[in-house]
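# Observations on chain architecture
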Amino acid sequence: MKFFSTRNKDNIVSFNEAILEGIASDGGLFVPEYFPKVNIDNLLNLDYKDLAYEILRLYLDDFKETKLREIIAKAYDDKFPENPAFLKKTSNCYYLELYHGRTLAFKDFALSILPLFLENAIKESNLKEKILILTATSGDTGSSALSGFSNVYNIDIIVFFPQNGVSEIQRLQMTTQVGNNTGVFAIDGNFDDAQSNVKKIFKDKEMLSKIKEMGYKFSSANSINIGRLLPQIVYYFHAYNQLVAMNEISVGEKVSFSVPTGNFGDILAGYYAKRMGLPIEKLIIASNENNILTEFFETGIYDANRNLKITNSPSMDIIISSNLERLIYHKTNDTEFVKNIESNLEENRFFKLNEDFDEFYANFSNEDETLDEIKRVFEKDCYLIDTHTAVGESVARKYRNDKKSSEKIIVLSTASAYKFSNSVIKALGLKDRGDLFSNCKIIKDFTKTQIPKEILELKDKKIIHDKNIEVSQMKEVILKYLGDKNEN
């Protein structure tokens, strides 16, 4: 299996090359040359690791079985419970719990295995340079990437996050991260500022030359890296298998997935699963008040000339959804068209597309609806969900009402409710003590749930990364970071 750029089919690379580059030299994103087909019957009754092997080997067909199984086993070891993606049934919904990893977010699934893929690629490629991971985050990617790459040999990581655009837990998870290869910077802009500048830096010939002189080359831990995207396909199949095992559906019966969506990576993994043969009726794109995707899938118009809103679901506070580029390529099969679309988006923050997206349903949940959903689910089922999952559940119910559909709907539960305790306190009508950890205890006592140990441990951790910078300083701090590393 080879991978090529969404902007140039002649830019063909291996998987190892794709993850080492992160983003194609022409600015495009790497996509697989085809979608391998699976037989669902052959995947039933597999545990998560075996399922991951059966899915990933179809894309990584140049890996020896022993090596791929070794990487998977190391990625999904005791960092996760025995069933790392548990399917929870409530009175009228199914939640795929994707938050039982080290940083309590779904990003842990891909960012536990990506560092191992990169380590292997460095060895296989006999790479002389070290890798510098540049990552923009709206919250969870940063902490998951830092945790995954901490102290990994020959790899350094720098994370940029919006100073006022993450929850306090997300901030602490990043700013207290230990590791002699980690750099964390809060920027004065939003996620889109961070992401667009990281992409520009990847294509900046002067920067590429400078870091090469310093013994480094860039790669990415964002979902623009194909090594982030492919592992996320697995839990869609895992969710389906669990529904079958619970006798909730028969093999071959279609289900829908509601996915809290920002950068479009997680739901794109669902699209890949569908193209591989998973029986999916609809992929439900659940947005918060930054509902540019809702407008695009309804009208074909992508107009990013708007202010980004800071919401109670900060990981979705995104205007430029990078992975949409991959979907546009898969729907049009036209790299020149994609290049023109993305050029127009970069220059004018606007494009229009007349294409059939029948696989998808898009809607959004406003701030009040999101908080109301947390309260409704808890009062009805004594089940606690976070703000992002609440967006997914709210939009799933709108889909059910709009389409009068009857298939089973799985909501991807993407983070622990305790990561967004201030919003959960408000949703449940509890008294906000103003202190993060006091609020967590209030939630614990009221809901009779347990505060994750990963959050309790943050209370006594020292803040290591406390730098706030202007967006214009991103290149400068990267070079200073590498200069300091070389001096040491």
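Fair warning: this is a prediction, and the values are worked out from it, not measured in the lab.

### Digging into the packing of aromatic side chains
In the structure shown here, the tally under the stated rule is 30 aromatic pairs. Ring centres of Phe296 and Phe357 lie 5.6 Å apart, and the angle between their planes is 55°; on these two criteria the pair is classed as tilted. Residue Phe296 is found in helix 12 (residues 292-299), and its partner Phe357 is found in the loop between strand 13 (350-352) and strand 14 (360-364); the two are separated by 61 residues along the sequence. With centroids separated by 5.2 Å and ring planes inclined at 5°, the aromatic side chains of Tyr302 and Phe351 adopt a geometry described as stacked. With Tyr302 in strand 12 (residues 301-303) and Phe351 in strand 13, this residue pair connects regions lying 49 residues apart in the sequence. Taken together, the ring pairs connect Phe35, Phe264, Tyr271, Tyr272, Phe296, Phe297, Tyr302, Phe351, Phe357 and Phe360 into an aromatic cluster. Here the basic side chain of Arg69 rests over the ring of Tyr53, its NZ or CZ set 3.9 Å away from the ring centre. One cation-aromatic arrangement involves Lys398 over Phe364; the distance from NZ or CZ to the ring centre is 5.5 Å.

### A word on the environment of Asn8
Structurally, Asn8 can be placed in strand 2 (residues 8-13). The residues touching Asn8, leaving out its near neighbours within four places in the chain, are Asp26 and Thr335. In terms of polar contacts, Asn8 uses its side chain to reach the backbone amide nitrogen of Asp10, at 2.9 Å.

### Here we look at the sheet that holds strand 7 (residues 155-162)
Overall, parallel pairing links the five strands, which are arranged 9-6-7-8-16 in an open sheet. Of all the strands in the sheet, the pair left with one neighbour each is strand 9 (216-220) and strand 16 (467-469). If you compare each strand with its neighbour and ignore which way they point, the axes differ by 30° on average. Across five bridges, the pairing between strand 6 (residues 130-136) and strand 9 is parallel. Across the sheet, the residue bridging to Leu134 is Ser220, located in strand 9. Contacting strand 6, strand 7, strand 8 (182-187) and strand 9, helix 7 (residues 191-203) crosses the sheet at an angle of about 150° to strand 6.

### Topic: unusual backbone geometry
A positive phi angle, near 65°, is found at Leu104, a position not held by glycine. Residue position: Leu104 is located in the loop between strand 5 (94-97) and helix 4 (107-125). You can call Leu104 buried: its relative accessible area is 4%. One non-glycine residue, Asn154, lies in the positive phi region at around 70°. With relative accessibility at 22%, the residue Asn154 sits in the partly exposed group.

### Remarks on the packing of helix 2 (residues 48-56) against helix 10 (residues 234-245)
To characterise two packed helices, one gives the angle between the axes of the helices and the distance between these axes. Between helix 2 and helix 10, the least distance of the axes is 9 Å, while the angle of their chain directions is 125°. Here helix 10 runs oblique to helix 2, going by the angle between their axes. For helix 2 against helix 10, the interelement crossing comes out right-handed. On helix 10, the residues touching Tyr48, Leu51, Ala52, Ile55 and Leu56 of helix 2 are Val234, Tyr235, Phe237, His238 and Asn241.

### Re the sheet that holds strand 3 (residues 30-32)
With respect to topology, three strands assemble into an open sheet ordered 2-1-3, the strand pairing being antiparallel. With partners counted over all chains shown, the strands left at the sheet margins are strand 2 and strand 3, one partner each. Direction aside, the axes of adjacent strands within the sheet are offset by 40° on average.

### Re helix 18 (residues 436-447)
The end-to-end C-alpha distance of helix 18, which contains 12 residues, comes to 17 Å, matching closely the 16 Å that a straight helix rising 1.5 Å per residue would cover. On its buried face, helix 18 sits against helix 6 (168-175), helix 15 (367-381), helix 17 (421-427) and helix 19 (453-456). Looking one or two residues past helix 18, Lys448 carries a phi angle of roughly 60°, positive in sign.

The rules we used
Per chain, residues are indexed from 1 in the order of the written sequence. Two thresholds apply to this predicted model, a pLDDT of at least 70 for residue-level local features and 80 or more for giving and counting side-chain atom pairs, whereas whole-chain, interface and lining totals are computed over all residues. The side-chain numbers reported here are obtained from all heavy atoms of the structure, hydrogens and water having been left aside. Any two rings among Phe, Tyr and Trp, with Trp reduced to its six-membered ring, count as a pair given centres within 6.5 Å; such a pair is stacked if its planes are under 30 degrees apart, edge-to-face if over 60, and tilted if neither. Put simply, DSSP H or I for four residues or longer makes a helix, DSSP E for two residues or longer makes a strand, and each gets a number counted from the N terminus. Our definition puts a charge over a ring when NZ of Lys or CZ of Arg is within 6 Å of the ring centre and also within 35 degrees of the ring normal. We call two residues in contact whenever any of their non-hydrogen atoms come within 4.5 Å of each other. Each polar contact in these results corresponds to two N or O atoms within 3.5 Å; when the atoms are within protein, one needs to be able to donate a hydrogen and the other to accept it, and residues that are neighboring in sequence are counted only if both atoms are side-chain atoms. Strand pairing is defined by DSSP finding a minimum of two bridges between the two strands. For helices, the fitted axis covers only the stretch in contact; all axes are lines through C-alpha atoms, and the angles between them, taken along N-to-C directions, range from 0 to 180 degrees. Note on classification: 1.4 Å probe, protein chains only; a residue is buried when its accessible area is under 20% of the maximum for its type, exposed when over 50%, partly exposed between these limits. Our angle categories are set so that under 35 degrees counts as roughly parallel, over 145 as roughly antiparallel, 65 to 115 as roughly perpendicular, and the remainder as oblique. When the near helix sits turned anticlockwise from the far one by under a right angle, the crossing is termed left-handed; a clockwise turn instead gives a right-handed crossing. Here the expected length of a helix is defined as 1.5 Å per residue gap, with one fewer gap than residues.

All we've got here are geometric facts, nothing functional implied.
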